[in-house]
Amino acid sequence: MATTKKVTVTIPADLLDEIRGEAAERGLSAYVAEALRFKRDRDRLRELSDWLQEEHGPLNEEERTAAFEELEDLDAEHERRRAVGKRDAGEAP
């Protein structure tokens, strides 16, 4: 298990109320940790994207279209796997 450290953060009350409901099962700390990892990963991806554009130039329309089609295919595959996982766990898809 990863080492953890307790910190204090300030969160707007309305946002905290919303996420407490969504985080109930996992717990608020797990929810916030997951959100921070997601944000960190997106920041790193944006850095990579910026660097690639500096090195190779921006995508043309054909490349952009192909990339979005691949993302749609990946999203569909992830959704299919989630549905299979729910079905295997006895949940309704």
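Everything in this summary refers to the structure shown in the same document. None of these values were measured; they are calculated from a predicted model.

**Quick look at the layout of surface pockets**
- Within this model, the largest pocket holds a volume of roughly 620 Å³.
- In this structure, the largest pocket is lined by 19 residues; those nearest its centre are Lys-5, Val-7, Ser-29, Val-32 and Ala-33.
- Sorting the residues of the lining of the largest pocket by element identifies α1 (13-23) and α2 (28-56) as the ones contributing at least two each.
- Considering each element in turn, the lining of the largest pocket owes the most residues, 6 residues, to α2.
- Forming the walls of the second largest pocket are 14 residues, and the residues nearest its centre are Ser-49, Gln-53, Leu-59, Arg-64 and Ala-67.
- The element that contributes the greatest number of residues to the lining of the second largest pocket is α2, accounting for 6 residues.
- Taken together, the residues of the lining of the second largest pocket sort by class into 8 nonpolar, 4 polar and 2 charged.

**Focus: the environment of Arg-64**
- Following the sequence through the fold, Arg-64 ends up in helix α3 (residues 61-88).
- Classification of Arg-64 by relative accessible area gives partly exposed; the value is 34%.
- Each C-alpha atom, one on Arg-64 and one on Leu-48, is 16 Å from the other, the two residues being 16 residues apart in sequence.

**Details of the environment of Val-84**
- Within the secondary structure, Val-84 is located in helix α3.
- When the C-alpha atoms of Val-84 and Ser-29 are compared, they prove to be 28 Å apart, with 55 residues separating the residues in sequence.

**Some details on the pattern of salt bridges**
- Using the criterion set out here, one finds 7 salt bridges in the structure.
- Note that Arg-26 and Glu-34 form a salt bridge whose closest N and O atoms lie 2.5 Å from each other.
- With relative accessibility at 44%, the residue Glu-34 sits in the partly exposed group.
- Its salt-bridge partner being Lys-39, residue Asp-43 comes within 2.7 Å of it at the nearest N-O pair. One end of the pair, Asp-43, and the other, Lys-39, are both in helix α2, 4 residues apart, so they sit about a helical turn from each other.
- Here Lys-39 falls in the partly exposed class, since its relative accessible area comes to 48%.
- Shared partners join several salt bridges into a network, and the residues in it are Glu-77, Arg-80 and Arg-81.

Conventions adopted
- Residues numbered from 1 in each chain as written.
- Predicted model: local features only at pLDDT ≥ 70, side-chain atom pairs only at ≥ 80, totals over all residues.
- Heavy atoms only, no water.
- 1 Å grid on protein atoms, 1.4 Å probe; cavity = no way out; pocket = protein on both sides within 12 Å on 5 of 7 lines; lining within 4 Å.
- Points joined across faces, edges and corners; volume = space filled by probe spheres on them.
- Helix = DSSP H or I, 4+ residues; strand = E, 2+ residues; numbered from the N terminus.
- Nonpolar A, V, L, I, M, F, W, Y, C, P; charged D, E, K, R; others polar.
- Buried < 20%, exposed > 50% of the residue type's maximum accessible area, 1.4 Å probe, protein only.
- Salt bridge = Lys/Arg side-chain N within 4 Å of Asp/Glu carboxyl O.

All we've got here are geometric facts, nothing functional implied.
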